[in-house]
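# Commentary on secondary and tertiary structure
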Amino acid sequence: MKRTDTENSRKPLFILNPNAGVQPVNFIISIDLERRKGELATVKSLTPDDSAGLIRDHYENHDIFVAAGGDGTVHTIANELVGTKKILGVLPMGSGNGFAKEFGFKMNIRALLSNVKKGESMDIDVFEINDKLCLNVAGIGLDSFVAHSFNKLKLRGFLPYVWLTLKTFVQLHPFYVTIRSGGEIIVAEELFVLTIANTRQFGNNAFIAPEARPNDGMMDIVMIKPFPKVFGALFVLRLFTKRINKSKYVRHLKTDQEIVIDTDETRFHIDGEPIEIHGKVNVKIKKEVLKVLKTPGNKFLRS
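Because the structure is predicted, anything quoted here is derived from the model rather than measured. (Residues numbered from 1 in each chain as written. Predicted model: local features only at pLDDT ≥ 70, side-chain atom pairs only at ≥ 80, totals over all residues. Heavy atoms only, no water.)

## Notes on the sheet that holds strand β7 (residues 137-141)
As a reminder of what qualifies: By this definition, two strands are paired if DSSP reports at least two bridges between them. Numbering of helices and strands runs from the N terminus; a helix is a DSSP stretch of H or I covering at least four residues, while a strand is a stretch of E covering at least two. Only the stretch in contact is used when a helix axis is fitted, and all axes are lines through C-alpha atoms; the angle between N-to-C directions ranges over 0 to 180 degrees.
The strand order β12-β11-β10-β7-β14-β15 describes an open sheet built from 6 strands, whose pairing is antiparallel. Looking at the sheet topology across the chains shown, the edges are occupied by β12 (250-255) and β15 (273-276). Averaged over all pairs of adjacent strands, the angle between their axes in this sheet comes to 20°, without regard to strand direction. As paired strands, strand β14 (residues 267-270) and β15 are joined by 4 bridges and run antiparallel to one another. Within the sheet, the bridge partner assigned to isoleucine 270 lies in β15 and is glutamate 273.

Spelled out as structure tokens, the structure:
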């Protein structure tokens, strides 16, 4: 594809999801992006297929692609950039913004453009879950059940998510799971939550895997065993204070080996997006295959 000019390649391409986040805020962001069209390029995407197609169409014309949306938008765009020399940036506009929070991205276009001008990036790991990309966290249990229910909800934002989480927790029942690595069983028990983590949090500063790092070549497996629900508030406190791994009901493993998950529960989530998976689930790590724009607030600047 023909490159329009050498200057254009230095402009970041913002791929805007107009349905992400709260609409009044989205509208203001859209106006600000238009006002800065001398510094950036913008396209709108209504579906994941749109986003993928837009990246392919503009691939040769830009070095940095910015996901302007929630974790789902980030996931879709990253999927097209894995294994390339292109750089992923984020303008967080979603409900949780887990990936953006971990890498220091804020809803500040001026600051983001300042980072773009520096053009510095870091290489991070990703997971493959039955050949599907995972950037942040994936799993089964309370968080995945909420993701499936939230996907059907017309309301968006933090408060509807909290209400739905409380409702799901009250109705929560454990599921049985087996995890194998190298043919050997390493987990076989009932759980409330099974999370495979590349970074520390679900989103909204809820830290499910405080020790996880996206550039350490390891996957973090966090398991929450069934516990008396009267301790629910204590678990929430631990989650938001990075102390969830201090509970006796929580088990934490690290591995760089492929694992196989076997469970009758089919309601998974990958990066917060609900997905049905039937049968065995294969999870493996791909090391340092995605370039992410550096920001001053990046928590993982160590090499």
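## Overview of the pattern of salt bridges
Opposite charge on two side chains makes pairing possible when the charged atoms of those side chains draw close. Defined as follows: Every case where a carboxyl oxygen of Asp or Glu lies within 4 Å of a side-chain nitrogen of Lys or Arg is listed as a salt bridge. A 1.4 Å probe rolled over the protein chains alone gives each residue an accessible area, and that area as a share of the maximum for its type sets the label: buried under 20%, exposed over 50%, partly exposed in between.
On inspection of all chains with the given rule, the structure shows 16 salt bridges. With a shortest N-O distance of 2.8 Å, aspartate 32 and arginine 35 are connected by a salt bridge. Linking aspartate 32 with arginine 35, this pair stays in helix α1 (residues 23-35), spanning 3 residues, or about one helical turn. Arginine 35 gets classed as exposed once you look at its relative accessible area, which sits at 60%. Residue glutamate 39 pairs with arginine 36 through a salt bridge whose shortest N-O separation is 3.6 Å. Take glutamate 39: its relative accessible area is 35%, and that puts it in the partly exposed class.

## Considerations on the environment of alanine 20
Quick note on the threshold: Between two residues, a contact is recorded if the distance between any of their heavy atoms is within 4.5 Å.
Mapping alanine 20 onto the fold places it in the loop between β1 (13-16) and α1. For alanine 20, a relative accessible area of 8% translates into the label buried. Sequence spacing of alanine 20 and glycine 72 is 52 residues, and the spatial spacing of their C-alpha atoms is 9.2 Å. With near-sequence residues (within four places) excluded, alanine 20 lies in contact with Asn26, Gly69, Gly70 and Met93.

## Quick look at helix α3 (residues 71-81)
Burial of α3 is extensive: 9 of the 11 residues sit out of reach of the surface. Residues of α3 that are buried include every one of Asp71, Gly72, Thr73, Val74, His75, Thr76, Ile77, Ala78 and Leu81, and no others. Looking one or two residues past α3, glycine 83 carries a phi angle of roughly 85°, positive in sign.

## Notes on the side chain of aspartate 71
Stated formally: Neither His nor the chain termini are counted; the positive set is Lys and Arg, and the negative set is Asp and Glu. By the criterion applied in these results, polar contacts are pairs of N or O atoms within 3.5 Å in which, for protein atoms, one can donate a hydrogen and the other can accept it, and in which residues neighboring in sequence qualify only through two side-chain atoms.
On the secondary structure map, aspartate 71 appears in helix α3. Buried and unpaired, aspartate 71 has lysine 101 as its nearest opposite-charge partner, separated by 9.6 Å. Engagement of the side chain of aspartate 71 in a polar contact is seen with the backbone nitrogen of phenylalanine 99, the distance being 3.4 Å.

## Overview of unusual backbone geometry
Residue asparagine 130 is not a glycine yet carries a positive backbone phi of 50°. The residue asparagine 130 is located in the loop between β5 (121-129) and β6 (132-134) in this model. A relative accessible area of 29% means that asparagine 130 is categorised as partly exposed. For glutamate 288, which is not glycine, the phi dihedral falls at a positive 50°.

## Overview of the nonpolar core
To be explicit about the condition: Only buried residues count toward a nonpolar core, which is a set of Ala, Val, Leu, Ile, Met, Phe, Trp, Tyr and Cys residues joined through side-chain atoms within 4.5 Å.
In this structure, Leu194, Ile196, Ile261 and Val283 are the most contacted members of the largest nonpolar core, which totals 47 residues. Per element, the largest residue contribution to this core is 5 residues, and it comes from strand β11 (residues 219-224). Residues in contact with isoleucine 261, not counting those within four places in the same chain, are Ile140, Val177, Thr178, Ile179, Leu194, Ile196, Gly279, Lys280, Val281 and Val283. Formed by 42 residues, the second largest nonpolar core is a distinct cluster that contains Leu13, Leu81, Phe105 and Leu135.

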